[in-house]
Amino acid sequence: MSSSSTIPAMIPVPEQAHIYREMLFHLENPVELTEQQFDEYWPLVDTVWTKIGGSTVQRGGTIRVQHYECRLRKSKKTGTNVSRKEGRVVKPRITEVRVKDLCQVQMKITHTIPTSSEPVTVLLERKTVAVHTHSVDEIFRICGLPSIIKQVIATEVKKNYTAAQIFHALKGSSKIEGMDNLEAAGGSSLIR
């Protein structure tokens, strides 16, 4: 395998990623995006939020609403994650139980249903007055990287690059500028 310098920097960091990442994390005010903007910026914060229930169609079929909560709220009961073999309990992996109710932030996303005359818009707004009890980088460290980075890593793993080569490619050729892009995409907690 060739050196990592032959792999180009790969994170597709959208313009103003820092601004949108913070805006979609804190949601101090409702944020209205086009469908294209939502598809571009949501992967920067998607691992912060977890769905509550299913989506519902409302207002006579003109909007679809999905509710979310901060992943650290953890209102769902934790499963036991065990299997039974030959009459004994076998845990497939070692896990650590996270404390629930660490953060009370909830939000909802409202998608307009596409019509021939109006474009699709996406409205993200907070449902609670609570504020996050952690930073966006802390939740990525605890709960995992945002999908914008996971997608790039998965693509490169399929090409049989080593972890070091992928990490260096994610940073890019310039360490300072490359780390800025990696941090903008939510990868400041990523280590080799």
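Keep in mind it's a predicted model, so treat the numbers as computed, not measured.

Criteria and thresholds
Residues numbered from 1 in each chain as written. Predicted model: local features only at pLDDT ≥ 70, side-chain atom pairs only at ≥ 80, totals over all residues. Heavy atoms only, no water. Core = buried A, V, L, I, M, F, W, Y, C linked by side-chain atoms within 4.5 Å. Buried < 20%, exposed > 50% of the residue type's maximum accessible area, 1.4 Å probe, protein only. Helix = DSSP H or I, 4+ residues; strand = E, 2+ residues; numbered from the N terminus. Contact = heavy atoms within 4.5 Å. pLDDT = per-residue confidence, 0-100. Phe/Tyr/Trp six-rings, centres within 6.5 Å; stacked < 30°, edge-to-face > 60°. Pairing = 2+ DSSP bridges. Salt bridge = Lys/Arg side-chain N within 4 Å of Asp/Glu carboxyl O.

Participant: An account of the nonpolar core is requested, with residue identities and associated values reported.
Facilitator: Counting residues in hydrophobic clusters, the biggest one holds 30 residues, and the most contacted among them are Trp42, Val48, Trp49, Met107, Ile109 and Leu124. Contributing elements (two or more residues each) for this core: helix H1 (17–26), strand E1 (31–34), helix H2 (35–41), strand E3 (63–70), strand E6 (106–112), strand E7 (121–126), helix H3 (136–143) and helix H4 (147–158). Apart from the residues lying within four places of it in its own chain, the contact partners of Trp49 are Leu24, Phe25, Leu27, Trp42, Tyr68, Glu69, Cys70, Arg71, Val105, Met107 and His132.

Participant: I'd like a description of the confidence of the model for the protein, backed by residues and values.
Facilitator: Any segment with low pLDDT has predicted coordinates that should not be analysed in fine detail. Confidence along the protein averages 78 in pLDDT terms, with 68% of residues attaining 70 or more. Ranking the helices and strands of the protein by mean pLDDT puts E1 first, with 96, and strand E4 (residues 83–85) last, with 60.

Participant: Explain the packing of aromatic side chains to me, and be specific about the residues and the numbers.
Facilitator: Tallying each qualifying case throughout the model produces 3 aromatic pairs. Seen in terms of ring centroids, Tyr20 and Tyr41 are 3.8 Å apart; in terms of plane orientation they differ by 10°. Their pairing is stacked. On the criterion of sequence distance, the pair formed by Tyr20 in helix H1 and Tyr41 in helix H2 is long-range, its members being 21 residues apart. Ring centres 5.6 Å apart and planes at 65° place the aromatic pair Trp42 and Tyr68 in the edge-to-face group. With Trp42 in the loop between H2 and strand E2 (49–58) and Tyr68 in strand E3, this residue pair connects regions lying 26 residues apart in the sequence. Judged by relative accessible area, which is 10%, Tyr68 ranks as buried. A connected cluster of aromatic rings, assembled from ring pairs, spans Phe38, Trp42 and Tyr68.

Participant: How would you sum up the pairing of E2? Please name residues and give values.
Facilitator: The sheet contact formed by E2 and E3 spans 7 bridges and is antiparallel. Within the sheet, the bridge partner assigned to Val57 lies in E3 and is Arg64. Linking E2 to E3, which pair antiparallel, is a turn of 4 residues; within it Arg59 sits at a positive phi near 50°.

Participant: Describe the pattern of salt bridges, with residues and values.
Facilitator: Inspection of the entire model under this criterion finds 4 salt bridges. Here Glu125 and Lys108 are joined by a salt bridge, their closest N and O atoms 3.9 Å apart. Of this pair, Glu125 sits in strand E7 while Lys108 sits in strand E6, and the two are 17 residues apart along the sequence. For Lys108, a relative accessible area of 25% corresponds to the partly exposed category.

Participant: So what about unusual backbone geometry? Which residues, and what values?
Facilitator: For Gln16, which is not glycine, the phi torsion reads 60° and is therefore positive. Here Gln16 falls in the partly exposed class, since its relative accessible area comes to 47%. In this structure, Leu27 takes a positive phi of about 45° despite not being glycine. Mapped onto the secondary structure, Leu27 falls in the loop between H1 and E1. Judged by relative accessible area, which is 4%, Leu27 ranks as buried.

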